[in-house]
Amino acid sequence: MLASGGSDGMRIWDLKRRVQLPTPRQTPAIQNPADPVTCACWITRQEATRETLCYGTGLGFICIWQQQGQGLEDFTAKVSRRIGMGKEIMCLTYDHTGDDSRIASGTRDRRVQVWTFDFKGPLIPIFSIELSTTVPRTVNFNRTAGRNLLVFGMYDGEIHTLRGSDGTVIATNKAGPMIGHAVVDAPQTLFLIDNVTNGFSLHRLEDGACIRTYNTNPVKTFPKQVVFGEQATLVVGGSDTGTIHIFDKNEGALKQVLQHADKGRVQTVTTYDSTHHSLIFGATSTNDAEPTISIWCRKRTTSPSDRPLGSEIKNFVRGIVQLAIAMAIIAYVSNILIGQTSGITLLENAWRQYSKLGAQTNDLTNTDIRSLVERYIEAQRGEELERARSSETNGRHGQAKLVKPQEDALHAVILLGN
């Protein structure tokens, strides 16, 4: 599903069917044409079967819609209330840990508020604080035990860390003179900002230090959204010339420019990564033209499910092979090879063959592993039979005992690799 909002209110589309879904009835205050939607976020939970949408408006209303009805095609309004002094809601975010879901908001009057939400009743406040100088442009929950909140300041470029229990400022860094928009990567080690000067920049989260800049030569200093794309390998951001810029995150090179419109601001940009596709969304941000949304899709060339054996499984199987061979050495030495070295020589030869295969990490397949282990087992059998024949010829019955090779562990490796 795709949600968008602006001066025409909040809308939701079913992208698979390419239809707009009906919106719930709103109170007259929410339906005010002079109260545009300013920010929105989906509240997602892995165990949830219904989508939940949260959005804020220019007059300080926060609303939460949730899927209802047969086929889950209808949305109902679960929350609709004005917060604080009714100032513009600049940003929203959520965090879901265990059974507890939290929603955070930042408003133009420098106020940051955090609530709990159980998807049934009203918002329950946790804390509400007013920052001294910072107007929050983006808020983001820090995935720690304390669930601290990061606040990115719009006009001062400061990044405050608020304690999750009471909102006390416990740390402050600076990313630049201004922040038009900010987004934190999934591991929470880096963040991107629209620096409102020459384009976008990548920073370390721990100290705010700039790592790389992506120059877009903006004509005017309008704030523009910038996000990570394709598993955080790309930087995707808007412009004031009707285009969307795509950069390589690590190299900083411009990879592609997407044409959304002939002119005008593209301040709203987001991305979505699925198993087989990567999507980029861009929306018009102007009052003198019909608002439009463009969607670009790129099919992934390969996916983890397309490979016969993923690299992670290969590494795991190699580790099992190493462990099994080591265990076979110990058992072989303790049961058979007291005072002898021929078995060690065979294992050494097998290990050398394995090492040759292992040097070509990406080429090692199930067939390679199976062939190696089977050759090792046959070599063990041949050596045991040869020793038994030799002992019979010499007439030393009872001194040489034919022991069945320990195949179970090694054959388990073969089954594991199937």
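What you see is a predicted model; the values in this text were computed from it and never measured.

Parameters at a glance
Residues numbered from 1 in each chain as written. Predicted model: local features only at pLDDT ≥ 70, side-chain atom pairs only at ≥ 80, totals over all residues. Heavy atoms only, no water. Helix = DSSP H or I, 4+ residues; strand = E, 2+ residues; numbered from the N terminus. Buried < 20%, exposed > 50% of the residue type's maximum accessible area, 1.4 Å probe, protein only. Contact = heavy atoms within 4.5 Å. Areas by Shrake-Rupley, 256 points an atom, 1.4 Å probe, with all protein chains shown as cover. Pairing = 2+ DSSP bridges. Axes fitted to C-alpha atoms, helices over the stretch in contact; angles between N-to-C directions. Patch = residues over 30% accessible without salt bridge, like charges linked within 9 Å, V, L, I, M, F, W, Y side chains within 5 Å. Salt bridge = Lys/Arg side-chain N within 4 Å of Asp/Glu carboxyl O. Disulfide = S-S within 2.5 Å. Phe/Tyr/Trp six-rings, centres within 6.5 Å; stacked < 30°, edge-to-face > 60°. Lys NZ or Arg CZ within 6 Å of the ring centre and 35° of its normal. Polar contact = N/O pair within 3.5 Å; in protein donor to acceptor, adjacent residues only side chain to side chain.

Enquirer: I'd like a description of the overall build of the protein chain, backed by residues and values.
Expert: Of the regular secondary structure elements, the protein chain holds 4 helices and 26 strands. Taken across its 418 residues, the protein chain has 43% of its residues classed as buried. Taking the intrachain contacts of the protein chain between residues at least 6 apart in sequence as the baseline, contacts between residues at least 24 apart amount to 43%. Just so you have it, the protein chain exposes about 22300 Å², and 51% of that area is on carbon and sulfur atoms.

Enquirer: An account of the sheet that holds strand E21 (residues 234-237) is needed here, citing residue identities and associated values.
Expert: With respect to topology, 4 strands assemble into an open sheet ordered E20-E21-E22-E23, the strand pairing being antiparallel. The open sheet has two edge strands with one neighbour each: strand E20 (226-229) and strand E23 (254-259). For this sheet, the mean angle separating the axes of adjacent strands, direction not counted, is 20 degrees. Of the pairings in the sheet, the one linking E20 to E21 comprises 4 bridges and is antiparallel in character. Paired with Val227 across the strands is Val236, a residue of E21.

Enquirer: Mind laying out a nonpolar patch on the surface, listing which residues take part and the relevant values?
Expert: A cluster of nonpolar side chains, namely Leu15, Ile293 and Ile295, defines an oily patch on the protein surface of about 220 Å² accessible area. Residue Ile293 is classed as partly exposed on the basis of its relative accessible area, which comes to 36%.

Enquirer: Explain the pattern of salt bridges residue by residue, including any values.
Expert: Tallied over the full model, the rule gives 12 salt bridges. When the shortest N-O distance is used, the salt bridge between Glu88 and Arg108 registers 3.0 Å. Of this pair, Glu88 sits in the loop between strand E7 (74-82) and strand E8 (89-97) while Arg108 sits in the loop between strand E9 (100-107) and strand E10 (111-116), placing them 20 residues apart in sequence. Owing to a relative accessible area of 35%, Arg108 belongs among the partly exposed residues under this scheme. A salt bridge links Arg102 to Asp100; the nearest nitrogen and oxygen atoms lie 3.4 Å apart.

Enquirer: How would you sum up the state of the cysteines? Please name residues and give values.
Expert: Applying the stated criterion across every chain yields a total of 0 disulfides. Of all cysteine sulfurs in the structure, the one in Cys39 sits closest to Cys91, which takes part in no disulfide; the separation is 6.6 Å.

Enquirer: So, the sheet that holds strand E25 (residues 277-283): which residues are in play, and what are the values?
Expert: Pairing within the open sheet is antiparallel, and its 3 strands lie in the order E24-E25-E26. Of all the strands in the sheet, just strand E24 (268-273) and strand E26 (293-299) have a single pairing partner and so form its edges. For this sheet the average axis-to-axis angle between neighbouring strands, irrespective of direction, equals 15 degrees.

Enquirer: Explain the packing of aromatic side chains to me, and be specific about the residues and the numbers.
Expert: Here the distance between the centres and the angle between the planes together describe a pair of aromatic rings. The tally for this structure, following the rule as stated, stands at 4 aromatic pairs. Taking 5.3 Å as the distance between ring centres and 85 degrees as the angle between the ring planes, the aromatic pair formed by Tyr55 and Trp65 counts as edge-to-face. Taken together, the positions of Tyr55 in strand E5 (residues 52-57) and Trp65 in strand E6 (residues 61-68) put the pair 10 residues apart, joining distant regions of the chain. Its guanidinium or amino end placed over the ring of Phe222, Arg265 lies 4.2 Å from that ring's centre, counting from NZ or CZ.

Enquirer: Give me the lowdown on the environment of Asp74, citing residues and values where you can.
Expert: Examined against the element boundaries, Asp74 turns out to sit in strand E7. A relative accessible area of 37% places Asp74 in the partly exposed class. Along the backbone, Asp74 and Leu21 are 53 residues apart, and their C-alpha atoms lie at a distance of 7.0 Å. Among all residues touching Asp74, those that are not within four sequence positions of it are Pro22, Gln66, Gln67 and Gln68.

Enquirer: Describe in detail the pairing of E20, supporting the description with residues and values.
Expert: Both faces of E20 are covered, namely the face carrying Val226 and Phe228 and the face carrying Val227 and Gly229. Between the end of E20 and the start of E21, which pair antiparallel, lie 4 residues, with Glu230 showing a positive phi angle near 50 degrees.

Enquirer: Just give me the short version of the side chain of Glu230, but keep the residues and values in it.
Expert: Summarising the element assignment, Glu230 is placed in the loop between E20 and E21. Glu230 sits in the buried class, given a relative accessible area of 16%. Of note is the side chain of Glu230, whose polar atom sits 2.6 Å from the side chain of Arg298. In this structure Glu230 touches Asp273, Ser278 and Arg298, once residues within four positions along its chain are discounted.

Enquirer: For the pairing of strand E19 (residues 210-215), give the residues involved together with the corresponding values.
Expert: Inspection of the sheet shows strand E18 (residues 199-204) paired to E19 by 5 bridges, in the antiparallel sense. Paired with His203 across the bridge in E19 is Cys210. Hairpin geometry of E18 and E19 is characterised by an intervening segment of 5 residues between the two adjacent antiparallel strands and by a positive phi of about 80 degrees at Gly208.

Enquirer: Tell me what's going on with unusual backbone geometry, and back it up with residues and numbers.
Expert: The residue Val196 is not glycine, and still its phi comes out positive at about 60 degrees. Within the element layout of this structure, Val196 appears in the loop between strand E17 (190-194) and E18. Take Val196: its relative accessible area is 11%, and that puts it in the buried class. Non-glycine residue Gln231 carries a positive phi angle of around 55 degrees. Position of Gln231 relative to the elements: it lies in the loop between E20 and E21. A relative accessible area of 53% places Gln231 in the exposed class.

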